[in-house]
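In case you want the letters, here they are:
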Amino acid sequence: MFFFIAVVSGREELGLRRCGRFPCCGTVGATAPVTCVFQRFILFFIPLFRFGRRYFVSCPNCGAVYEIEPEEGRRIERDPAAEIDPERMHRVSSGRAANFCPNCGSPVPLDARYCPRCGTRL
Ligand SMILES: [Zn+2]
Ligand SMILES: [Zn+2]
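A quick note: this is a predicted structure, and the numbers were derived from the prediction, not measured.

S.K.: Describe in detail the nonpolar core, supporting the description with residues and values.
M.R.: By size, the foremost hydrophobic cluster in this structure holds 20 residues, and its most contacted members are Tyr55, Phe56, Val57, Tyr66, Ile68, Ile84 and Met89. Breaking this core down by element, the ones donating at least two residues are strand 1 (5-22), strand 2 (27-43), strand 3 (46-58) and strand 4 (65-68). Residue contacts for tyrosine 66: discarding those within four places in its chain leaves Phe56, Val57, Met89, His90, Arg91 and Val92.

Now the structure itself:
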């Protein structure tokens, strides 16, 4: 029996969330776009469950990108009124990251040719 199983990465915009404070530039009380990156099994072109969810938020003022801890990410995904706890997000990019690696989902700088994490050519 032949099974067609693939793993693809996906990306979902969760919308704006309020963030207490962005340490990068001291922006306080701003709302910022949150992105969820995930991997998904595909079986016979039917999307199955998602796994490996990671959450990112970028500073609306200077563009610095932070990865949100998974637990905190799930909390703010469920609750659109939730505020991101600045203690639970970690900076992953100093400048504007407009791209996400198609393989591992890491944010990559606009001018990068290879993903700094997994080496995938962009
Ligand atoms: Zn900033
Ligand atoms: Zn990568």
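S.K.: Could you give an account of the environment of arginine 91, with specific residues and numbers?
M.R.: Within the secondary structure, arginine 91 sits in strand 6 (residues 89-93). We classify arginine 91 as partly exposed; it has 13 C-beta atoms within 10 Å. Along the primary structure arginine 91 and valine 65 are separated by 26 residues, whereas in three dimensions their C-alpha atoms are 5.9 Å apart. Residue contacts for arginine 91: discarding those within four places in its chain leaves Cys24, Ala64 and Tyr66.

S.K.: Explain the sheet that holds strand 4 residue by residue, including any values.
M.R.: Taken together, six strands build an open sheet; the order of strands is 5-1-2-3-4-6 and the sheet is mixed. One side of each edge strand has no neighbouring strand; the edge strands of this open sheet are strand 5 (83-84) and strand 6. By the bridge criterion, four bridges tie strand 4 to strand 6 in an arrangement that is antiparallel. Directly across from isoleucine 68, in strand 6, lies its bridge partner methionine 89.

Definitions and limits used
Residue positions are given per chain, counting from 1 as you read along its sequence in written order. Going through the entries in the order they are written, you letter the chains from A and number the ligands from 1. Residues qualify for local features only when their pLDDT is at least 70, as the model is predicted, and side-chain atom pairs are given and counted only at 80 or more; totals for whole chains, interfaces and linings, by contrast, use all residues. By definition, a nonpolar core groups buried Ala, Val, Leu, Ile, Met, Phe, Trp, Tyr and Cys residues that connect through C-beta atoms lying within 7 Å of each other. Any residue whose C-beta has 12 or fewer other C-beta atoms within 10 Å is treated as exposed, any with 20 or more as buried, and any in between as partly exposed, C-beta atoms being built from the backbone. Put simply, DSSP marks the helices as runs of H or I at least four residues long and the strands as runs of E at least two long, and each gets a number from the N terminus on. For the purpose of contact definition, each residue receives a C-beta atom placed from its backbone, and two residues are in contact when these atoms lie within 7 Å. Here, a strand pair is defined by DSSP locating no fewer than two bridges between the strands.

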